[in-house]
Amino acid sequence: MARKPKGFTLIEVMVVVVIVGILAAIAYPNYQEYIQRGRRAEARTGLLQAAQWLERAATAMGRYPQAEGFPSSMQSVPSGTYGIGYAPNDTGSTYTLTASRQGPQRHDRCGDFTLTENGQKGLKDSTQTVELCWNR
């Protein structure tokens, strides 16, 4: 009686390795983009929260606070991938908030996010449009 061989042939193993490699080559960049989009959303949220705080402070004081009055708790997002900078003008009538990329996010294609007192959204050092990065 002949014995039936058990196990996989080298060809079968190589086919599986190639298939897994192709799937990984497609999935990993998509996963990285998904993670970066989540971090961008966190930066936009941080900017909007800081703008709300500044509007409440301006309502109470009659003008926007100086840079020293900006709370340290709002100067970065929870993941640490963006730092939030606050730049008021000398009279306290206007400001610009900037979410600057840090750590693993520093090479993101959307660049740094900006937001002014009148709600104007912008980007610095970006290869993308404001609409694409702010709305997605």
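Up top you'll find the structure we're talking about.
Report on the accompanying structure. This structure is a prediction, so every number in the text was calculated from the model and none was measured.

Basis of the calculations
Residues numbered from 1 in each chain as written. Predicted model: local features only at pLDDT ≥ 70, side-chain atom pairs only at ≥ 80, totals over all residues. Heavy atoms only, no water. Helix = DSSP H or I, 4+ residues; strand = E, 2+ residues; numbered from the N terminus. Buried < 20%, exposed > 50% of the residue type's maximum accessible area, 1.4 Å probe, protein only. Contact = heavy atoms within 4.5 Å. Phe/Tyr/Trp six-rings, centres within 6.5 Å; stacked < 30°, edge-to-face > 60°.

Here we take up the side chain of Asp112. Within the fold, Asp112 resides in strand E3 (residues 112–116). Accessibility expressed as a relative area gives 11% for Asp112, which makes it buried. Setting aside residues no more than four positions away along its own chain, Asp112 makes contact with Thr98, Ala99, Ser100, Arg101, Gly122, Leu123, Lys124 and Asp125.

Following the criterion strictly, the structure yields six aromatic pairs and no others. Plain terms: the ring middles of Tyr86 and Tyr95 are 5.9 Å apart, the flat faces sit at 55° to each other, and that makes the pair tilted. On the basis of relative accessibility, which here comes to 10%, the residue Tyr86 falls in the buried class. Residue Tyr95 is classed as buried on the basis of its relative accessible area of 3%. Members of the aromatic cluster, connected to one another through ring pairs, are Trp53, Tyr64, Phe70, Tyr86 and Tyr95.

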